[in-house]
Amino acid sequence: MRRPGDTALRARLLWFDADPAEEGEARAVRYVEDGIVLIENGVIRDVGDAAAVLRRLPPDTPVVDHRPHLMMPGFIDPHLHLPQTQVIASYGAELMEWLAKYTFPEESRYGDPAVAEAAARFLLDELLANGTTTAGVYCTSHPQSVDAFFAEAERRSLRMVAGKVMMDSNAPEALRDTAATGYQQSQDLIGRWHGKGRLDYAITPRFAPTSSEAQLEACETLAAEYPEMHVQTHLSENVAEIAFVRQAFPWSKDYTEVYERYGLVRPKAMFGHCIHLSDRERGALGVAGATAVFCPTSNLFLGSGLFDLAGMRAAGILAGIATDIGGGTSYSMLRTAAEGYKVLALNGQRLPAFEAFHMLTAGNAAAMGLDNRIGRIAPGMEADLVVLDSQATAAMRRRMERVETLEEELFALIVLGDERSTVATYVDGRRAYDRHSPGRSLPPRADLAASPARANRGEAPQ
Ligand code: GUN
Ligand code: ZN
């Protein structure tokens, strides 16, 4: 039976049935120059060449024609922070100072549900405007922030993975839980949200420097109680962070072993950054089936270092790519891939366009253990889709005049594209963002006239 809003979408279709880096383009890349996707009850029922699908469409199915735009699976962002939408673009610090100076004070505000609710609305508007339909989200240590995020994601039928940050050490009191409260609050949130609709809970110790051994033991207990559950944390992002871990956990031969000791290195464990890993650590992550998440705009912004994608692949580690808002500087996965390309170039590596779009979709789905539901355009997959305009700006139109192949078009879309390229975003089969009627109110302009900056310069408000 057709549900109101179910529909067929016509566009140039692109998705990946395998990783082009592993299986080669011929086996991996699926491109249909004039294709149709039939969606019923939020699930893809049919996909193929328009001429063929049109013949078998149920009568009266409305067809939305997005040609000549490209339609792909919705982008997946496996690592970002809900409470950092007002931390993004904070000046001049490496990780540990940036956390203490900007991030922890800001996150302290999220005990107020109204603050968390406003952030959740803003963040999800922003993700959808950028074509991102699933994310791995760190909330704060306040359970209210997780309730606010999941409630807003549920209202929009989004597939989301999120968790309460557990942190009982080396942070301001307003952010610290304890081993016992962190465990109990996580349990309560799991009971309220895990598996509800399209939502999954992630066990979320912030990172080893902010957890006591007692708290890591509580994480171990949770992880053992929920063997299928996501785990998300940070690993080996910054050299001062690594030195801190060496001092705090002197029994451990390296950073990764701290997480191994507490049973947190396993499938669906997503480790943000993983920049300064030894061969032993890479081997351990690979054998465990864990995921390393590359956060290029963040790694550049915080001066953290260069991710080694080839090294991850050689060790058999699943690799994802993410914004890491707000250490990261863009909500756009196109921008993120473009900066990823540049980081890898500095590391003597390459990121071809097909591999990049694979990472943003099916690759990140696999990195999050969600590839049985999202990340490809295929019957039975959930209908989360993005429609992209590769000529969204004058600079892009100018460049496209000289483009001759799909691969060249996709590469220019990555390097020059951003939010302006999003024509529409579909979630659970329904249009959740439309470039022509964005349907979101811009945040009110900050009152710069009364700002401290102006006062500091001795200027009078006008
Ligand atoms: N390590 C621990 N917390 C954070 C965070 O919020 N952002 C980044 N980039 N790294 C972290
Ligand atoms: Zn992070």
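The coordinates are above.
Thresholds applied
- Residues numbered from 1 in each chain as written.
- Chains lettered and ligands numbered in written order.
- Predicted model: local features only at pLDDT ≥ 70, side-chain atom pairs only at ≥ 80, totals over all residues.
- Heavy atoms only, no water.
- Core = buried A, V, L, I, M, F, W, Y, C linked by side-chain atoms within 4.5 Å.
- Buried < 20%, exposed > 50% of the residue type's maximum accessible area, 1.4 Å probe, protein only.
- Helix = DSSP H or I, 4+ residues; strand = E, 2+ residues; numbered from the N terminus.
- Contact = heavy atoms within 4.5 Å.
- Near = heavy atom within 4 Å.
- Polar contact = N/O pair within 3.5 Å; in protein donor to acceptor, adjacent residues only side chain to side chain.
- Areas by Shrake-Rupley, 256 points an atom, 1.4 Å probe, with all protein chains shown as cover.
- 1 Å grid on protein atoms, 1.4 Å probe; cavity = no way out; pocket = protein on both sides within 12 Å on 5 of 7 lines; lining within 4 Å.
- Sits in = over half its atoms within 2 Å of the grid points.
- Nonpolar A, V, L, I, M, F, W, Y, C, P; charged D, E, K, R; others polar.
- Points joined across faces, edges and corners; volume = space filled by probe spheres on them.
- Pairing = 2+ DSSP bridges.
- Axes fitted to C-alpha atoms, helices over the stretch in contact; angles between N-to-C directions.
- Parallel < 35°, antiparallel > 145°, perpendicular 65-115°, else oblique.
- Left-handed = near helix turned anticlockwise from the far one by under 90°.
- Donors = N, O, S within 2.8 Å, 3.2 Å for Na, K, Ca; no water.
- Tetrahedral: all angles 85-135°; square planar, octahedral: opposite > 155°, others 65-115°.
- Salt bridge = Lys/Arg side-chain N within 4 Å of Asp/Glu carboxyl O.

Enquirer: Tell me what's going on with the nonpolar core, and back it up with residues and numbers.
Expert: Core analysis: the biggest nonpolar cluster contains 108 residues, and M72, F149, M160 and F357 have the highest contact counts within it. At 9 residues, the largest contribution of residues to this core is made by helix α5 (residues 113–129). With sequence-adjacent residues up to four places away left out, F149 is seen in contact with L82, A120, L123, L124, V137, C139, M160 and A162.

Enquirer: Hey, could you go over the environment of C219 for me, with residue numbers and the actual values?
Expert: Locating C219 in the fold gives a position in helix α8 (residues 213–225). Residue C219 is classed as buried on the basis of its relative accessible area of 0%. Leave out the neighbours within four places in its chain, and C219 touches M166, P205 and L264.

Enquirer: So what about the site of ligand 1? Which residues, and what values?
Expert: With respect to spatial proximity, the complete set of residues near ligand 1 consists of H81, Q84, L95, W98, L99, R206, F207, H234, E237, H273, S298 and D324. One nitrogen or oxygen atom from the side chain of Q84 is found 2.9 Å from an oxygen atom belonging to ligand 1. One of the side-chain nitrogen or oxygen atoms of D324 is found 2.8 Å away from a nitrogen atom of ligand 1. Summarising the interface, the protein chains cover 100% of the accessible area of ligand 1, which totals 280 Å² for the free molecule. According to the grid-proximity analysis, the pocket containing ligand 1 is the largest cavity. It is helix α4 (residues 95–107) that provides the largest number of residues to the shell around ligand 1, a total of 3 residues. Taken together, the residues of the shell around ligand 1 break down into 4 nonpolar, 5 polar and 3 charged.

Enquirer: Give me the layout of surface pockets: which residues, what numbers.
Expert: Taken as a whole, the second largest pocket holds about 330 Å³ of empty space. What lines the second largest pocket is a set of 18 residues, and nearest its centre among them are D19, L318, H358, G363 and A366. In terms of residues, the lining of the second largest pocket owes the most to one element, helix α15 (residues 353–367), which gives 5 residues. Counted by class, the lining of the second largest pocket contains 9 nonpolar, 3 polar and 6 charged residues.

Enquirer: Kindly report on the sheet that holds strand β3 (residues 43–49), identifying the contributing residues and their values.
Expert: Taking strand neighbours across the sheet as the criterion, the 7 strands line up as β3-β2-β1-β4-β14-β15-β16 in an open arrangement whose pairing is mixed. In this open sheet, the two edge strands, each paired with only one partner strand, are β3 and β16 (430–434). Going across the sheet, the axis of each strand differs from the next one's by a mean of 35°, ignoring polarity. With 4 bridges connecting them, strand β15 (residues 422–427) and β16 associate as antiparallel partners. What sits directly across from Y426, in β16, is R431. Strand contacts of α5: β15 and β16, with the helix running at about 120° to β15, the strand carrying the most contacts. Here helix α17 (residues 406–416) sits on the sheet and contacts β1 (7–16), β2 (29–40), β4 (63–73) and β14 (385–388); the angle it forms with β4, its principal contact strand, is near 80°.

Enquirer: Account for the packing of α15 against α17, with residues named and values stated.
Expert: The interhelical angle for the contact between α15 and α17, taken along N-to-C directions, is 60°, at an axis separation of 8 Å. In terms of orientation, α15 and α17 fall into the oblique class. With respect to the hand of their crossing, α15 and α17 are arranged in left-handed fashion. Between α15 and α17, the contacting residues are A353, F354, A356 and F357 on the first element and L406, E407, L410, F411, L413 and I414 on the second. Across the contact of α15 with α17, the residue classes break down as 9 nonpolar, no polar and 1 charged.

Enquirer: Go over the coordination of the zinc ion (ligand 2) with me, naming the residues and quoting the values.
Expert: For the zinc ion (ligand 2), every protein donor is listed as H79 (NE2), H81 (NE2), H234 (NE2) and D324 (OD), and the spread of their distances is 2.0 to 2.5 Å. Geometry at the zinc ion (ligand 2) is irregular, judged from the 4 donor atoms that bind it and their angles of 91 to 164° at the metal. Sequence spacing of the donors to the zinc ion (ligand 2): H-x1-H-x152-H-x89-D. In this pair, H81 sits in strand β5 (residues 75–81) while D324 sits in the loop between β13 (318–321) and α14 (333–346), placing the two residues 243 residues apart along the sequence. When its relative accessible area of 3% is taken as the criterion, H81 is described as buried. What makes D324 buried here is its relative accessible area of 4%.

Enquirer: Now, about the pattern of salt bridges: what can you tell me, with residues and values included?
Expert: Summed over the entire model, instances satisfying the criterion amount to 34 salt bridges. Between R282 and D279 there is a salt bridge whose closest N-O contact spans 2.9 Å. On the criterion of helical spacing, the pair formed by R282 and D279 is a turn pair, its members being 3 residues apart in helix α11 (residues 279–288). We classify D279 as exposed; its relative accessible area is 63%. Taken together, the salt bridges that share partners define one network made up of R159, R198, D200, R373, E382 and D384.

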